[in-house]
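Structural characterization, general
Below, each chain spelled out in residue letters.
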Amino acid sequence: MRVAIVHYWLVGMRGGERVLEEICRLFPDADIFTHVYDPAAVSDYLRGRNVRTTFIQKLPWATRSYQTYLPLMPLALEQLDLTAYDLVITSEAGPAKGVILRPDAVQLCYCHSPMRYVWDQYHVYRAEAGLITRTLLPLLAHRLRLWDTSSAQRVDHVVANSRYIAQRVAKCWRREASVVHPPVSVGDFSPGDAGEEFLWAGQMVPYKRPDIALEAFTTLGLPLLMLGDGPMRAKLMARAGPTVRFVERLSYVELQQAYARARALVFTAEEDFGIIPVEAQAAGRPVIAFGRGGALETVIERKTGLFFREQTSQALIAALRQFESWESDFRPSDALANAQRFSVQAFREGFIREVLAACPGAPLVQPALQIPAAA
């Protein structure tokens, strides 16, 4: 079978790109299509693959301002000629699944999330946008929702990255989805000697709610390391108490050490899946998480962590007080065992299972899907 992989944009190496990398390892001869591609911003492995772009790549400042061209992306996808391919795997969080295939070709969509900026996060994005975008967004988002829903009917098989996203797929697209959790390099992490400092890690943007952690730890006077960068960082630093310190970025080795030394990870976001809590558990550390979204699937309450049910600093403060009495019951071995459910090998086996389910009558699929050893 000839295989193509369509990813929304390739301008960095975040969770979606890590998933893309693993899918590409399963299909070493597949061609990659994307709207915008910045070779300097991706891994050596992806840079070595055959990547083709839509006409969005040729527009001014596309690699930096690609989201400005979001309204044109449905048209760009439909201009791609994929008639040579038997299987097309689309990686969806921005527009990717709206491609047009031969009648006998199969599209499998791995959905990280239906487009957040036109569905569940629409009002958040609009409130934060500039005047022009805020004025135009209602009309543009309305049209994108119509296209997003209709193009979902072109997909033969939908796979979501969590049960939480499968529910959103059903809500937005009216489609059922299987679930294969994203790959996490759990073998890269190992337990160490935990200290007294808690850890918050991630991009400092409003929906991740770093302000909740800042307020809670400043109020309680507990030590907290806030790791990450983003538009909120300067304001957070100005409000921080003496027990909160900031680090913009760490090397991968330093990140592994930060997890291992943390008393616990504090996770305040409502994420589609959330790799950070899994990495913390792979380092043998407990997680104190907001009890919605993917964290409900990756953290076992009162075994590998605790949940707070309201996204407020007061609820987090209550969870931290509860943590002090529960902490002695926590066993690092439980966290390590739980993290193994989300290994790279588990993803590969699950993804192959879904490809074979999507292409049950294709005799040439199975020889192409030999599971390589985890990198």
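Read on for an overview of the structure. Each chain carries its own residue numbering, running from 1 in the written order of its sequence. Restriction of local features to residues with pLDDT of at least 70 applies here, the model being predicted, together with a cutoff of 80 or more for giving and counting side-chain atom pairs; totals for whole chains, interfaces and linings are based on all residues. To get the side-chain values, all heavy atoms of the structure are used, and hydrogens and water are removed first.

1. Points about the overall build of the chain
For helices the rule is a DSSP run of H or I covering at least 4 residues; for strands it is a run of E covering at least 2, with both sets numbered from the N terminus onward. Looking only at helices and strands, the chain features 15 helices and 13 strands. In summary, the chain has a C-alpha radius of gyration of 21 Å against a globular reference of 21 Å for 375 residues, a match within 12%. When accessible area is computed with a 1.4 Å probe and restricted to protein chains, residues below 20% of their type maximum are described as buried, those above 50% as exposed, and intermediate ones as partly exposed. A burial count over the chain gives 54% of its 375 residues as buried. Should any heavy atoms of two residues lie within 4.5 Å, those residues are considered in contact. Pairs at least 24 residues apart make up 60% of the contacts formed inside the chain by residues separated by at least 6 positions. In this description the radius of gyration comes from C-alpha coordinates, and the expected globular size is given by 2.2 Å times residues to the power 0.38.

2. Let's talk about a nonpolar patch on the surface
Patch membership requires over 30% relative accessible area and the absence of a salt bridge. Like charges are linked within 9 Å, and nonpolar side chains (Val, Leu, Ile, Met, Phe, Trp, Tyr) within 5 Å. The Shrake-Rupley method, run with a 1.4 Å probe, gives the accessible areas here. Residue values count only the displayed protein chains as cover. Just to be clear on terms, a salt bridge is a Lys or Arg side-chain nitrogen sitting within 4 Å of an Asp or Glu carboxyl oxygen. On the surface, Phe55, Leu72 and Leu75 cluster together into a nonpolar patch covering about 240 Å² of accessible area. By the element assignment, Phe55 lies in the loop between strand E3 (51–53) and helix H3 (73–78).

3. Some details on the sheet that holds strand E1 (residues 3–7)
For two strands to count as paired, DSSP must find a minimum of two bridges between them. With parallel pairing, the seven strands of this open sheet are ordered in space as E3-E2-E1-E4-E5-E6-E7. Of all strands in the sheet, those with a lone pairing partner are E3 and strand E7 (178–179), marking the two edges. Bridging between strand E2 (residues 31–34) and E3 involves three bridges; their strand directions are parallel. Of the residues in E3, the one forming a bridge with Thr34 is Thr53. A fitted line through C-alpha atoms serves as each axis, taken over the contacting stretch for helices, and the angle formed by two N-to-C directions is quoted from 0 to 180°. Those strands touched by helix H1 (residues 15–26) are E1, E2, strand E4 (87–92) and strand E5 (106–111), and its axis lies near 175° from that of E1. Packing against the sheet, helix H14 (residues 344–358) makes contact with E4, E5, strand E6 (157–160) and E7, and its axis sits at approximately 145° to E5.

4. Description of the pattern of salt bridges
Summed over all chains, the structure comprises 24 salt bridges. Between Glu301 and Arg309 there is a salt bridge, with its nearest N and O atoms 2.8 Å apart. The class for Glu301 is partly exposed, based on a relative accessible area of 39%. A relative accessible area of 49% means that Arg309 is categorised as partly exposed. Between Arg331 and Asp334 there is a salt bridge; the shortest N-O distance is 3.1 Å. Assessed through its relative accessible area of 48%, Arg331 is described here as partly exposed. A residue is classified by how much of its surface remains accessible, and Asp334, at 14% relative accessible area, is buried. Among the charged side chains, a network of salt bridges with common partners joins Arg2, Asp31 and Arg52.

5. A look at the pairing of E6
Where burial is concerned, the two faces of E6 agree: the one with His157 and Val159 and the one with Val158 and Ala160 are both buried. Note: E5 against E6, four bridges, orientation parallel. Along E6, the bridge assignment pairs Cys109 with Val158.

6. A look at the packing of H1 against H14
Between H1 and H14, the shortest axis-to-axis distance is 11 Å and the interhelical angle comes to 60°. Taken together, the axes of H1 and H14 are oblique relative to one another. As H1 runs across H14, the sense of the crossing is right-handed. Contacts between H1 and H14 pair Val19, Glu22, Ile23, Arg25 and Leu26 from the former with Val344, Phe347, Arg348, Phe351 and Ile352 from the latter. Of the residues contributing to the contact of H1 with H14, the split by class is seven nonpolar, no polar and three charged. Any angle between 65 and 115 degrees counts as roughly perpendicular, while under 35 counts as roughly parallel, over 145 as roughly antiparallel, and the rest as oblique. For a crossing to be left-handed, the near helix must be turned anticlockwise from the far one by less than a right angle; the clockwise case is right-handed. Each residue gets one of three labels, nonpolar for Ala, Val, Leu, Ile, Met, Phe, Trp, Tyr, Cys and Pro, charged for Asp, Glu, Lys and Arg, and polar for the others, Gly among them.

7. Some remarks on the state of the cysteines
Any two cysteine sulfur atoms lying within 2.5 Å of each other are counted as a disulfide. For the coordinates displayed, the defined rule picks out zero disulfides. Left without a disulfide partner, Cys172 is nearest to the cysteine sulfur of Cys111, which lies 8.6 Å away. You can see Cys359 has no disulfide; the closest cysteine sulfur is in Cys109, sitting 14 Å from it. Accessibility expressed as a relative area gives 6% for Cys359, which makes it buried.

8. Quick word on the packing of helix H7 (residues 210–220) against helix H12 (residues 313–326)
Between H7 and H12, whose axes approach to 8 Å, the crossing angle comes to 55°. When the interaxial angle is binned, H7 and H12 end up oblique. In the crossing of H7 with H12, the sense of the turn from one axis to the other is right-handed. Contacts between H7 and H12 involve Ile212, Ala213, Glu215, Ala216, Phe217, Thr219 and Leu220 from the first element and Ser313, Leu316, Ile317, Leu320 and Arg321 from the second. By residue class, the composition of the contact of H7 with H12 is eight nonpolar, two polar and two charged.

9. Focus: the environment of Tyr8
Looking at the element boundaries, Tyr8 is found in the loop between E1 and H1. Distance from Tyr8 to Glu92, taken between C-alpha atoms, is 6.4 Å for residues 84 residues apart in sequence. Apart from residues no more than four positions distant in its own chain, Tyr8 is found in contact with Gly16, Glu17, Thr34, His35, Val36, Ser91, Glu92, Ala93, Gly94, Pro95, Ala96 and His112.

10. Thoughts on the packing of aromatic side chains
Planes of paired rings set the category: under 30 degrees apart is stacked, over 60 is edge-to-face and the rest tilted, where pairs are Phe, Tyr or Trp rings (Trp by its six-membered ring) whose centres lie within 6.5 Å. The tally for this structure, following the rule as stated, stands at 14 aromatic pairs. Between Phe273 and Phe342, the ring centres sit 5.7 Å apart and the planes meet at 65°, which makes this aromatic pair edge-to-face. Taken together, the positions of Phe273 in the loop between strand E11 (265–267) and helix H10 (275–282) and Phe342 in the loop between helix H13 (332–339) and H14 put the pair 69 residues apart, joining distant regions of the chain. We note that Phe273, like Phe342, is buried. Site record: aromatic cluster; members linked through ring pairs are Phe198, Phe217, Phe323, Trp326 and Phe330. Here, over-ring charges are defined by two tests on the NZ atom of lysine or the CZ atom of arginine: distance to the ring centre within 6 Å, and angle to the ring normal within 35 degrees. A cation sits over an aromatic face here: Arg2 above Tyr85, 4.8 Å from the ring centre.

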